[in-house]
Amino acid sequence: MKMPTVKYQKGDTVMGRWPGSSLYYQVKVLGFDSKSQLYTVIYKDGTELELKEQDIKNVTGFQTRSRSRSRSRSPGRRRSRSRSPARTTRRSSSRTAAAVAATAITESTQSSRRDTRLKDTVEVRLSPVEQTKAAENSSNNKHEKKEENNTASKVIEKSEAKVEAESEKNQGPYNLRRRKADGDAKPAEAKPDQPEKKAKEAAAPSTIPSAPLDFGGKIGAYFWLLFLPAWVLFVILQGNLTDPSLINAPPPLPPLDTFWDAQALCFVILWILFQALLYILPVGKLSEGMPLRSGVRLKYRTNGFFAIMVSAIVVAVAVHQGADLTYIHSHFLQLATATFIISVLLSIYLYVRSRYAASEELALGGNSGNVVYDFFKGRELNPRIKNFDLKFFCEMRPGLIGWCLINFAMALAEMKKHNLDAPSYAMILVNLFQLLYVVDGLWNEEAILTTMDLMHDGFGFMLAFGDLVWVPFTYTLQAYYLVLHPNALSLPAVIAIVTLKLIGFYIFRKSNSEKNAFRRNPSNPKLSHLKTIPTATGKSLLVSGWWGVVRHPNYLGDLIMALAWSLPCGFSHLLPWYYMIYFIILLVHRDSRDMSECRRKYGSAWDEYCRTVRYRIIPRVY
Ligand SMILES: NC(=O)c1ccc[n+]([C@@H]2O[C@H](COP(=O)([O-])OP(=O)(O)OC[C@H]3O[C@@H](n4cnc5c(N)ncnc54)[C@H](OP(=O)(O)O)[C@@H]3O)[C@@H](O)[C@H]2O)c1
Ligand SMILES: CC(C)=CCC[C@@H](C)[C@H]1CC[C@H]2C3=C(CC[C@]12C)[C@@]1(C)CC[C@H](O)C(C)(C)[C@@H]1CC3
């Protein structure tokens, strides 16, 4: 960059104020943009920021800050332990831009959230220095103080209102850039029909970091590709046995032709098309997703509740007209096979189209270069055909609503099998509990946009198979099991199980809504009583309320609900407990995936959060 005649020159070592605080660090000037009048500076750990001239000072007139003074003055100090910067540095292995952020715990009140944030900056990870008295008293500095508040409040306005999008779009007075160390630059791929994009990407190295391999890496991907379908087959066959124990040897494989049923395939295709039609109807809200790396926010048609209501009416009319839904029970294996074929075809399509996707459209994982791993994990973050979002649709519609349809069919099959006028208590509980879970998910469909799958995971076999096959054909196992293995429940048992379900649901819903509301509008007045930790990305972390109890309160509620789903099936067999066991494994794994991802994103701010909120899912246990 050619430097015009400006106060500080490229290569100068100066003191740069950290946005939102009154602390200065030694930085090197990288350049000056005459248009925005901002200096690009680099901190010692490699973080780049754009600063105004007022926020830069000459090194003379500064002295090293005494740490104890800095810390004892801080209100946040009261809440946090292990504050030694040296110690923190040693501990935090994956320091990101956040590692240099002033990690503070802020208690925001409705009226003074912004001010409090300014005052509460308590900790820095570089050696902070402050100005000498003489320098502080200079008239220049008086002006500076006034200006400091202005600029700092701009930062906070930015981080509270349009946070993520802007910080990535490089628009505000301060500009937190991605650290170079955030990932390996990958060769840019571009759509052949987008020569402009291709040229741009070829010129600038891609910013897509490849995340560490998950799920056992490349070998793991082979394993899961074989194991997951085999497991679905195993549990379906087990459900038909008189003694369906998960620890029994697998039943003999039925002849190959029993897997295939053209009619079953037609039903599955019809169901998916029907759901797709409901999804594209211009009914319901258009919700914005979280900002992507490019700063863009995609729009999603969140009409899931409408879709399940219409589906329920259509199914009721069909049953009234004589449609025999017990077909679903008698052709469970064939329906699962047909859906599996569709999920494989969809995954192949997704993989092929991802080869033509621009690098900014790819997820952080799934770009290992290994075909099998990438096919399994998924490469493209938000594959869309026009406005039709394939990942969102698959996650929220055919499988999820199909789950309720299958449960209902199992209730009818139970009545038919045992000549009942009404389903058993156990069947009713399982149906109602899971219906509540799905309807709640669809009612709060917008909340899915802030979950890991939507924000971070690519769409590949894992999710396509998970959404279309795994959910409808394994999450229904309790109802499937009850058709052939009735379990009588006493009234007190029913009351106890319902109570447990409601407790779980309350924790699950409240915690998910709290995070979703906070992510959508961090300055939401309803959340102003909550304590937060700011991070260098502009986003904050909740550190009180539900997210101050454990790091994943939503998982806790979900697990309690899972327990309530299995209890109605009794303790005679392990099969109906499969969901509970699987769910513990899934959530523990998701928690550790999320931990690594958040540590990568938020650095020391995340470490601070983990020190403050010590337990992951179950208070005082785990
Ligand atoms: N039934 C099932 O099969 C099943 C399976 C999996 C999950 N689930 C449920 O689906 C829901 C979503 O789960 P999920 O795995 O996507 O995880 P999640 O807990 O909804 O999302 C994790 C993300 O939340 C943000 N976050 C973490 N701590 C925070 C804090 N203290 N303050 C503010 N934001 C914070 C982080 O993202 P950002 O900071 O980037 O926003 C983190 O990556 C959960 O209720 C879970 O139980 C159900
Ligand atoms: C194939 C395997 C082993 C894994 C795929 C995981 C996949 C089935 C789940 C990952 C995230 C889950 C999820 C729901 C369903 C199951 C998953 C897609 C969810 C849509 C269920 C309804 C809830 O209300 C929810 C919070 C919206 C759930 C979001 C996450």
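Not measured: the values here are computed from a predicted model.

Reading the values: the criteria
- Residues numbered from 1 in each chain as written.
- Chains lettered and ligands numbered in written order.
- Predicted model: local features only at pLDDT ≥ 70, side-chain atom pairs only at ≥ 80, totals over all residues.
- Heavy atoms only, no water.
- Near = heavy atom within 4 Å.
- Polar contact = N/O pair within 3.5 Å; in protein donor to acceptor, adjacent residues only side chain to side chain.
- Areas by Shrake-Rupley, 256 points an atom, 1.4 Å probe, with all protein chains shown as cover.
- Helix = DSSP H or I, 4+ residues; strand = E, 2+ residues; numbered from the N terminus.
- Nonpolar A, V, L, I, M, F, W, Y, C, P; charged D, E, K, R; others polar.
- Phe/Tyr/Trp six-rings, centres within 6.5 Å; stacked < 30°, edge-to-face > 60°.
- Buried < 20%, exposed > 50% of the residue type's maximum accessible area, 1.4 Å probe, protein only.
- Lys NZ or Arg CZ within 6 Å of the ring centre and 35° of its normal.
- UniProt positions renumbered as here; feature names shortened; annotations may be inferred.
- Core = buried A, V, L, I, M, F, W, Y, C linked by side-chain atoms within 4.5 Å.
- Contact = heavy atoms within 4.5 Å.
- Pairing = 2+ DSSP bridges.
- Axes fitted to C-alpha atoms, helices over the stretch in contact; angles between N-to-C directions.
- Parallel < 35°, antiparallel > 145°, perpendicular 65-115°, else oblique.
- Left-handed = near helix turned anticlockwise from the far one by under 90°.
- pLDDT = per-residue confidence, 0-100.

**Q** Sorry if this is basic, but what is going on with the site of ligand 1 here?
**A** If you check the shell around ligand 1, you find 27 residues, and the closest are Y475, Y555, D558, K601 and Y602. Here a nitrogen atom of ligand 1 and a backbone polar atom of L542 are 2.9 Å apart. Separating a nitrogen atom of ligand 1 from a side-chain N or O atom of Y579 is a distance of 3.2 Å. Burial of ligand 1 by the protein amounts to 94% of the accessible area it has alone, namely 910 Å². Secondary structure elements with two or more residues in the shell around ligand 1: α17 (452–455), α20 (491–520), β14 (540–542), α21 (553–566), α22 (578–602) and α23 (604–612). Top contributing element to the shell around ligand 1 by residue count: α22, with eight residues. Here the residues of the shell around ligand 1 are counted per class, giving 16 nonpolar, four polar and seven charged.

**Q** How do you make sense of the packing of aromatic side chains when you look at a structure like this?
**A** Working definition: an aromatic ring pair is given by the centre-to-centre distance plus the angle between the planes. Under the counting rule described, the total for this entry stands at 43 aromatic pairs. With centroids separated by 5.8 Å and ring planes inclined at 25°, the aromatic side chains of F227 and W231 adopt a geometry described as stacked. A residue pair is termed a helical-turn pair when its members lie 3 or 4 positions apart in one helix, as F227 and W231 do in helix α8 (residues 217–239) at four residues. For F227, a relative accessible area of 30% translates into the label partly exposed. Taking the centre distance of 4.9 Å and the plane angle of 20° together, the rings of Y579 and F583 count as stacked. Within this pair, Y579 and its partner F583 are both found in helix α22, separated by four residues, close to a single helical turn. Exposure class is identical for Y579 and F583. Each is buried. Sitting over the face of the ring of Y300, R384 holds its NZ or CZ atom 4.8 Å from the ring centroid.

**Q** Just checking my understanding: could you explain the UniProt feature "transmembrane region" (unreviewed entry) in the chain for this structure?
**A** According to UniProt, the feature "transmembrane region" (unreviewed entry) maps to residues 219–239, 259–281, 302–320, 332–352, 463–483, 489–508, 529–550 and 562–588 in the numbering used here. The span residues 219–239 shows a helical share of 100% and a strand share of 0%, and its end C-alpha atoms are spaced 30 Å apart. Between the C-alpha atoms that bound residues 259–281 there is a distance of 34 Å. The span itself is 83% helix and 0% strand.

**Q** What is the right way to read the nonpolar core from this model?
**A** Soluble globular proteins: nonpolar side chains tend toward being buried together. Counting residues in hydrophobic clusters, the biggest one holds 111 residues, and the most contacted among them are W470 and F473. With residues up to four places along the chain from it excluded, the contact list for F473 reads V232, I236, F332, L335, A336, T339, I406 and L468. Counting 16 residues, the second-largest nonpolar core is a separate cluster that includes F518, Y602, A605 and C610.

**Q** Would you explain the site of ligand 2 in this entry?
**A** Residues in close proximity to ligand 2 total 16 residues, the closest being G441, I448, D453, D467 and R590. Protein chains bury 88% of the 630 Å² of accessible surface belonging to ligand 2 in isolation. Among the elements of the structure, α14 (390–396), α16 (425–443) and α18 (461–474) are those that each provide at least two residues to the shell around ligand 2. Ranked by the residues each element gives to the shell around ligand 2, the list is headed by α18, at five residues. Looking at the shell around ligand 2 residue by residue, the classes come out as ten nonpolar, two polar and four charged.

**Q** How should the environment of V439 be read in this particular structure?
**A** Its location among the elements puts V439 in helix α16. Taking C-alpha positions, V439 is 58 Å from K10, a pair spaced 429 residues apart along the chain. Not counting the four nearest positions on each side in its chain, V439 is found in contact with F305 and I308.

**Q** In this structure, what is going on with the pairing of strand β13 (residues 531–534)? I would like to understand it.
**A** Residue alternation in β13 divides its side chains into two sets, K531 and I533 and T532 and P534, and both sets are buried. Both β13 and β14 contribute to a ladder of three bridges, which runs antiparallel. Following the sheet pairing, P534 is matched in β14 by S540. Between β13 and the antiparallel strand that follows it, β14, lie five residues; G538 among them carries a positive phi value of about 100°.

**Q** Hey, could you run me through the packing of helix α9 (residues 262–280) against helix α10 (residues 304–320) in this one?
**A** For any two helices packed against each other, the geometry comes down to the angle between their axes and how far apart the axes lie. Two elements in contact, α9 and α10, have axes separated by 10 Å at closest approach and are oriented at 130°. As far as their axial angle goes, α10 and α9 are oblique. Viewed along their axes, α9 and α10 form a crossing whose handedness is right-handed. Contacts between α9 and α10 involve W271, F274, Q275 and L278 from the former and F306, A307, V310, S311 and V314 from the latter. Of the residues belonging to the contact of α9 with α10, the class tally is seven nonpolar, two polar and no charged.

**Q** Just to check I follow, could you spell out the confidence of the model for the chain for this structure?
**A** Low pLDDT marks stretches whose predicted atomic positions should not be read closely. Confidence along the chain averages 76 in pLDDT terms, with 72% of residues attaining 70 or more. Low pLDDT, under 50, characterises residues 63–209; the stretch is placed with 308 contacts to residues that sit more than four places away or in other chains. Reported confidences for the modelled complex are a pTM of 0.71 and an ipTM of 0.95.

**Q** Before we go on, may I ask you to explain unusual backbone geometry in this structure?
**A** Glycine aside, the phi torsion of most residues is negative, and most peptide linkages are trans. The phi dihedral of K386 is positive, around 55°, even though this residue is not glycine. Structurally, K386 is set in the loop between β11 (384–385) and β12 (388–389). Notably, R620 is not glycine yet its phi reads approximately 65°, a positive angle. Turning to its location among the elements, R620 is positioned in the segment after α23. Assessed through its relative accessible area of 74%, R620 is described here as exposed.

**Q** Explanation requested: the environment of P244 in the structure shown.
**A** Tracing the backbone shows P244 in the loop between α8 and α9. Here P244 falls in the buried class, since its relative accessible area comes to 0%. Sequence separation of P244 and Y481 is 237 residues, and the distance between their C-alpha atoms is 8.4 Å. Setting aside anything within four residues of it in sequence, one finds P244 in contact with Q238, G239, Y481, H485, H573, L574 and L575.

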